[in-house]
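Observations on the three-dimensional arrangement
So the chains spell out like this:
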Number of protein chains: 2
Amino acid sequence: MTTPSSPTRGRPARLSQDRTLQTALDLLDEAGLDALTMRRLADALGVQAGALYRYFATKQDLLTAMAERMVGGVADAAGPRGDGDWSQRVARLARALRTALLAHRDGARVFAGTHSTGPNTLGFADSLVGVLREAGFGDGEAARALYSVANFTVGHTLEEQAALRPGNEEPTDAGVLHEAVMAGTYPHLAAALPALTSTDFTAHFEFGLRLLLDGLRAVQR
Amino acid sequence: MTTPSSPTRGRPARLSQDRTLQTALDLLDEAGLDALTMRRLADALGVQAGALYRYFATKQDLLTAMAERMVGGVADAAGPRGDGDWSQRVARLARALRTALLAHRDGARVFAGTHSTGPNTLGFADSLVGVLREAGFGDGEAARALYSVANFTVGHTLEEQAALRPGNEEPTDAGVLHEAVMAGTYPHLAAALPALTSTDFTAHFEFGLRLLLDGLRAVQR
DNA sequence: ACCTGAACACCGTTCAAGT
DNA sequence: ACCTGAACACCGTTCAAGT
């Protein structure tokens, strides 16, 4: 967590927090979270695994820094005050978070598995809470709305990235669902099967987001 | 995934899928997901690690079976038709899912990391979709509502169990939040800090659930 | 049929020693 | 100051061999 030092004494340092972070994100995109090991990362950096621990105390710290970097700029999606009403601004924040997580392979898994308190993460939270407070929501309501929107978004994106994981064109369980459902059990799943196996994840996400925003409108009233 | 065979030939079998599963859930509760290794589980069963692979082809399969077992009985929370209106019945299903995940250490992480197509998981889905279809929702709406409620519930419980993880009485970042927020950045987080650092996770969950249900009411109209 | 023993190919992390 | 080399204490998984 601590930068090695300030003056350029000794050798010029082939490594740095920034280069390590960038390479880690590249390796994540190429190989996925399960293949992102300290040894492989060190390899990609042309260094031995032990050297990484001068820049990140643990692998968890590295993953946390990756999550923090992933959500850079997401807070800006709220736009300036007056650019749309509160519900449009919250919707933009939620969509920007989902998009940021989708931008990296296993992005949601990395984000959900860490707990960043960096400026990008806190900035997103402050932005969303700010939009709601300025719209007249109470402090407690704004805080709880943040959790609702963030937890839904992360939960959704986790599922979305899991469904498209290996080389599966179709979500893995479309076939399993068909089988199980056609046996006669689960009549309601059978009826809703087209929507359940739809790969239009944006539509699923927008539906849930709309529920939350409509619900917030009802709270405000 | 395949049961070793039917007739009791040879030795009487110290292991079984059921005993392995039960011991795995006990070990999960005692030691947590990170300490749940095939070797430790084998130890708890008085057996060598390799022996487990006669009952579960991979560790993933074991985790999937654990997730499936965790949500046993959750579908019943809907109650019989007529026991409350649709929104109460959906609320009971969501609460039962959260409770089932909270019942095991790292329960949400196990559930989120797997993709069961067993009767408990499918039964829950069928139950929730059924409640909504019987209430007059369209098949597509019912399916998307299932995803919204399930993703929110899993996302919330993931956060809830992460916040209370090690021996932290207080959520880990209450201190970090205080510091970051008092520096003057994040004015909105500062104002909402009491609610943000509240450990009343049931209140947070109920707030989000209410948003979804109010939103569904608006869709129905 | 069921399990052991031993191996294979890895992990995250630490730390004396080199440069 | 920065990195190497080598070790420590593990992993999931496979499979011939025993009983």
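Residues numbered from 1 in each chain as written. Chains lettered and ligands numbered in written order. Predicted model: local features only at pLDDT ≥ 70, side-chain atom pairs only at ≥ 80, totals over all residues. Heavy atoms only, no water.

**Concerning the packing of helix α4 (residues 86–102) of chain A against helix α11 (residues 201–220) of chain A**
Residue and element names in this part refer to chain A. Between α4 and α11, whose axes approach to 11 Å, the crossing angle comes to 145°. You can see that α4 and α11 cross each other, and the crossing is right-handed. Between α4 and α11, the contacting residues are W86, S87, V90, A91, A94, R95 and R98 on the first element and F201, T202, F205, E206, L209, L213, L216, R217 and Q220 on the second. Grouping the amino acids of the contact of α4 with α11 by side-chain chemistry returns nine nonpolar, three polar and four charged. (Axes fitted to C-alpha atoms, helices over the stretch in contact; angles between N-to-C directions. Helix = DSSP H or I, 4+ residues; strand = E, 2+ residues; numbered from the N terminus. Left-handed = near helix turned anticlockwise from the far one by under 90°. Contact = heavy atoms within 4.5 Å. Nonpolar A, V, L, I, M, F, W, Y, C, P; charged D, E, K, R; others polar.)

**Notes on the domain arrangement of chain A**
All names here are of chain A. Split by domain assignment, chain A resolves into domain 1 (17–57) and domain 2 (70–164 + 199–220). Between the C-alpha centres of domain 1 and domain 2 there is a distance of 29 Å. Contact with domain 1, which involves eight residues of that partner, is made by seven residues of domain 2. Contact with domain 2 buries area across many residues of domain 1, yet L28, D29 and L33 alone supply 62% of it, more than any other trio. Applying the counting rule to domain 1 against domain 2 returns one salt bridge. Among the salt bridges present, the one from R109 reaches D34, with a minimum N-O distance of 2.8 Å. The tally of links from domain 1 across to domain 2 stands at five residue pairs in polar contact (both at pLDDT 80 or more). Among the residues forming the side of domain 1 that touches domain 2, the class breakdown is four nonpolar, one polar and three charged. (Domains from an automatic or database assignment. Buried area = accessible area lost by both parts, 1.4 Å probe. Salt bridge = Lys/Arg side-chain N within 4 Å of Asp/Glu carboxyl O. Polar contact = N/O pair within 3.5 Å; in protein donor to acceptor, adjacent residues only side chain to side chain.)

**A look at the nonpolar core**
One recurring pattern in soluble globular proteins is that nonpolar side chains are buried together. M66 of chain A together with M66 of chain B are the most contacted members of the largest nonpolar core, which has 140 residues in total. If near-sequence neighbours (up to four positions away) are discounted, M66 of chain B is found in contact with L21, A24, L25, L28, L36 and V110 of chain B. (Core = buried A, V, L, I, M, F, W, Y, C linked by side-chain atoms within 4.5 Å. Buried < 20%, exposed > 50% of the residue type's maximum accessible area, 1.4 Å probe, protein only.)

**Overview of unusual backbone geometry**
Residue and element names in this part refer to chain A. The phi angle at D106 is positive, at roughly 60°, despite the residue not being glycine. Along the chain, the position of D106 falls in the loop between α4 and α5 (107–112). Backbone geometry places Y186, a non-glycine residue, at a positive phi of 55°. Examined against the element boundaries, Y186 turns out to sit in the loop between α8 (174–182) and α9 (187–191). In this structure Y186 comes out as buried when scored by relative accessible area, which is 13%.

**So, the relation of the copies chain B and chain A**
Laying chain B over chain A is done by rotating through 180° and shifting 0.0 Å along the axis; what remains is an RMSD of 0.0 Å. Seen this way, the second copy is the image of the first under a two-fold rotation axis. A share of 100% of the interface residues of chain B reappears at the interface of chain A, consistent with the copies meeting face to face through the same patch. (Least-squares fit on C-alpha atoms with pLDDT ≥ 70 in both.)

**A few points about the UniProt feature "DNA-binding region" (unreviewed entry) in chain A**
The sites that UniProt annotates as "DNA-binding region" (unreviewed entry) are residues 37–56 of chain A. Taken end to end, residues 37–56 of chain A is 35% helix and 0% strand, and its two terminal C-alpha atoms sit 13 Å from one another. (UniProt positions renumbered as here; feature names shortened; annotations may be inferred.)

**Thoughts on the interface of chain B and chain A**
Taken together, the contact between chain B and chain A spans 51 residues of the former and 51 residues of the latter. Interface area for chain B against chain A, summed over the two sides, is near 4800 Å², with a carbon-plus-sulfur share of 68%. Put simply, chain B and chain A have zero salt bridges between them. One can count ten residue pairs in polar contact (both at pLDDT 80 or more) joining chain B with chain A. Going through the elements one at a time, α6 (119–134), α7 (139–163), α8 (174–182), α9 (187–191), α10 (193–196) and α11 (201–220) of chain B are the ones with two or more residues in the side of chain B that touches chain A. At 15 residues, the largest contribution of residues to the side of chain B that touches chain A is made by α7 of chain B.

**Brief notes about the pattern of salt bridges**
This model, assessed by the stated rule, comprises 22 salt bridges over all chains. The salt bridge involving D214 of chain B is made with R210 of chain B; its shortest N-O contact spans 3.4 Å. Of the two residues, D214 of chain B and R210 of chain B both sit in helix α11, four residues apart, roughly one turn of that helix. Given the relative accessible area of 14%, D214 of chain B is considered buried. Given the relative accessible area of 45%, R210 of chain B is considered partly exposed. Where salt bridges share partners, they join D34, D106 and R109 of chain A into one cluster.

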